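# Structure assessment
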Amino acid sequence: MKSKTQRILAVILSVLMMVSVFSACGKTAESTNNPATPGNSGDNNSAPATQDGPDISKEVTIQWMYHGSSVSDDKAVMEEINKYLKEKINAKLEMIWCSWSDFDDRARLAVQGGDPIDIYFTSSWTPTLEYAAAARQGVFVRLDNPENNLLEKYAPNLFNEISPVLADAARTDGADGVGIYAIPTYKEIAQQYTWDINTDILKKYGYTVDDVKDFYQLGPILESIKQGEGKDFYPLFPEPAVLERLVNNNDLVDGDSLLAYEFDPVDPAKSGVKIVSRYETEGYKKFVEQMHQYYQKGYISPEMASAQTMVNARVSAQNAAKYAISTQTYYPGYEVQTSAERGITVVYKPSHTAIISTTSARGAMQAISTLSDDPGRALMFLNLVNTDPKLITMLAYGIEGMHYTKMSDGRVSFDKAMRETYRPWKAGLGKQSIIPLMEDEPSNFIDLFNNYNNSAKPVPILGFAFNADPVKTEIAALANVAAEYRDALNSGAVDPAEKLPEFINKLKANGIDKVVAEAQRQLDEFMAAKK
């Protein structure tokens with residue numbers, strides 16, 4: 001077994017290779033509490049070891065770096081959670097709350113620095129710590145390793161509790177062989193790109209949801225609203241990369257979004273088995289040409305052209321209802337929540353039949369770092385997060401009587417001031433069906449949630465995950481090229497007649513054809529093995 005120092009060096013080298021395309025800017029990860037080294041003993045009061053189970057006589061601190069949250073004060077919440085964890089597994093929790101915009105930089109710096117973080121958020125779509133890549137490169141512990149099966153020891157019934165399907169989704173070819181390297185969250189495992197529509201402003205200008213159906217025919221709607229609302233109002237406020245996938249009906253293949261898998265929007269089962277270079281397709285060319293036209297007419301905010309500003313600008317516009325049309329990867333019942341938060345009637349209009357892909361099934365996961373001093377206790381904690389309603393409710397909502405009150409029907413009503421200081425991304429935390437409903441969620445939310453997952457159609461390549469290792473040198477160079485051009489083109493900020501050929505030439509020069517060929521070779525082998 002490797003020493004702790006050897007593990008740290010190996011993980012740092014792996015992540016340096018994996019995220020070499022990212023700049024070294026950003027702050028090191030911080031918790032809202034004072035960090036402590038996992039495995040260090042806390043107070044002298046230790047819970048005893050269970051008679052037949054794992055030895056938990058030594059109190060440990062578990063650090064968890066999590067995504068997508070807006071938390072400025074978690075002190076009271078952590079105090080209550082830690083009282084509870086003391087009783088359950090003799091542990092303390094320290095959360096490292098990251099936002100949508102800063103997770104990648106903070107995770108990269110934490111792993112490169114050998115920070116003793118026990119649990120990392122991971123997924124199919126996070127550029128830093130993309131699940132399959134990080135598992136291959138030894139960043140995450142294999143949980144079902146035959147030599148030390150942590151799942152059998154510390155969470156034997158976990159996948160029966162959440163969903164056996166998710167065990168298959170989590171299985172990947174990692175550093176210790178094919179196995180499970182993370183615990184997926186039972187959220188929406190289907191994927192559906194939708195138009196996020198502010199129906200109030202559409203109605204104000206004589207339009208309805210039915211008028212939003214063709215990206216290339218939105219001009220009259222956008223022009224009417226722009227003229228009426230003024231120069232500082234941007235009616236089209238999407239996430240540009242999501243909008244491109246919505247318009248062209250394609251899914252991610254790699255963490256850098258260089259490749260695309262195009263699916264049939266009506267009947268996903270009829271989709272082909274071909275991988276393409278995303279930025280070389282006719283669909284992409286047509287898309288960026290239209291975006292440039294919309295941008296020139298003032299329909300799109302200049303802040304959407306930069307990765308540093310696009311996320312906060314879009315979220316701020318949505319929350320303030322200062323938009324007409326945006327994009328959203330659908331989540332059952334989300335329109336009820338966002339309508340209440342934004343003070344408008346939000347409708348999410350699907351652009352295609354809901355699909356189940358490798359990307360969607362790995363949409364939110366928690367992995368245990370190979371640098372964790374006590375991966376067994378970390379897994380015991382994740383088991384609780386997915387099976388214990390009291391714990392996950394505290395994580396998701398805070399403290400009853402302080403952050404929220406319980407209504408007569410069992411749903412929760414938030415204190416608005418406290419909600420501003422404690423708003424984790426609920427959907428990614430753990431099993432959603434054991435968390436009480438929010439007051440703005442429909443009473444049949446669980447049924448909607450289950451029906452949405454059950455009605456989705458799998459694509460033919462479900463289970464395929466591209467291994468970029470054979471072309472990692474090319475991927476690193478291509479990611480740098482994409483970072484130079486992608487956001488400006490996707491947002492419409494530059495003229496594609498000039499910049500797109502330049503972009504494609506640089507992709508060609510840096511090996512995109514080799515990458516496509518390697519991805520297609522792997523997919524062909526995967527499909528042959530399925531027969």
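The sections below set out a description of the structure shown in this document. (Residues numbered from 1 in each chain as written. Predicted model: local features only at pLDDT ≥ 70, side-chain atom pairs only at ≥ 80, totals over all residues. Heavy atoms only, no water.)

### Some remarks on the overall build of the protein
Along the backbone of the protein there are 21 helices and 19 strands. Radius of gyration (C-alpha) of the protein: 23 Å, near the 24 Å computed for a compact globule of 531 residues. With respect to the three principal axes, the spread of C-alpha positions in the protein is 70 × 55 × 45 Å. Relative to its full complement of 531 residues, the protein shows a buried share of 57%. Contacts spanning at least 24 positions in sequence make up 76% of the contacts within the protein whose residues lie at least 6 apart. On the protein, the mean spot of the 53 positive side-chain charges and the mean spot of the 69 negative ones are 1 Å from each other. (Helix = DSSP H or I, 4+ residues; strand = E, 2+ residues; numbered from the N terminus. Rg over C-alpha atoms; globule rule 2.2 N^0.38 Å. Buried < 20%, exposed > 50% of the residue type's maximum accessible area, 1.4 Å probe, protein only. Contact = heavy atoms within 4.5 Å. Lys, Arg positive; Asp, Glu negative; His and termini not counted. Charge placed at Lys NZ, Arg CZ, Asp CG, Glu CD.)

### Examining the sheet that holds strand β11 (residues 275-277)
Read across the sheet, three strands follow the order β9-β10-β11 without closing on themselves; strand pairing throughout is antiparallel. Sheet topology places β9 (250-252) and β11 at the edges, where each strand pairs with a single neighbour. Here the average twist between neighbouring strands, direction ignored, is 45 degrees. Looking at chain direction, strand β10 (residues 259-262) and β11 are connected through three bridges and run antiparallel. For A260, the partnering residue across the bridge sits in β11 and is V276. Each of β10 and β11 is contacted by helix α21 (residues 512-530), which is oriented at about 170 degrees to β11, the strand it contacts most. (Pairing = 2+ DSSP bridges. Axes fitted to C-alpha atoms, helices over the stretch in contact; angles between N-to-C directions.)

### Things to note about helix α2 (residues 75-89)
Spanning 15 residues, α2 covers 20 Å between terminal C-alpha atoms, matching the ideal 21 Å at 1.5 Å per step. Within α2, the full set of buried residues consists of V77, M78, I81, N82, Y84, L85 and I89. Buried residues belonging to α2 abut β1 (60-66), β3 (91-97), α15 (375-387), α16 (389-397) and β18 (422-423). Following α2 by one or two positions, N90 has its phi on the positive side, about 55 degrees. (Expected span 1.5 Å × (residues − 1).)

### Things to note about the environment of V276
Relative to the helices and strands, V276 resides in strand β11. V276 gets classed as buried once you look at its relative accessible area, which sits at 12%. Counting along the chain gives 241 residues from V276 to A517, while the straight-line C-alpha distance between them is 9.2 Å. The residues contacting V276, other than those within four sequence positions of it, are L258, L259, A260, E262, T281 and V516.

### Quick look at the sheet that holds strand β13 (residues 346-350)
Read from one edge of the open sheet, three strands run β12-β8-β13, paired in antiparallel fashion. Two strands close off the open sheet at either side, each with one partner strand: β12 (325-329) and β13. Adjacent strand axes in the sheet meet at a mean angle of 35 degrees, parallel and antiparallel pairs treated alike. Two elements, strand β8 (residues 193-198) and β13, share five bridges in a ladder whose sense is antiparallel. Residue pairing for β13: T194 is matched across the bridge by P350.

### Description of the pairing of strand β4 (residues 119-122)
Both faces of β4 are covered, namely the face carrying I119 and F121 and the face carrying Y120 and T122. Note that β1 and β4 share two bridges and pair parallel. Along β4, the bridge assignment pairs W64 with I119. Here four bridges tie β4 to strand β15 (residues 365-368), and the two strands are oriented antiparallel to one another. From the neighbouring strand, F121 faces β15, where its bridge partner is Q366.

Geometric values such as these leave the question of function open.
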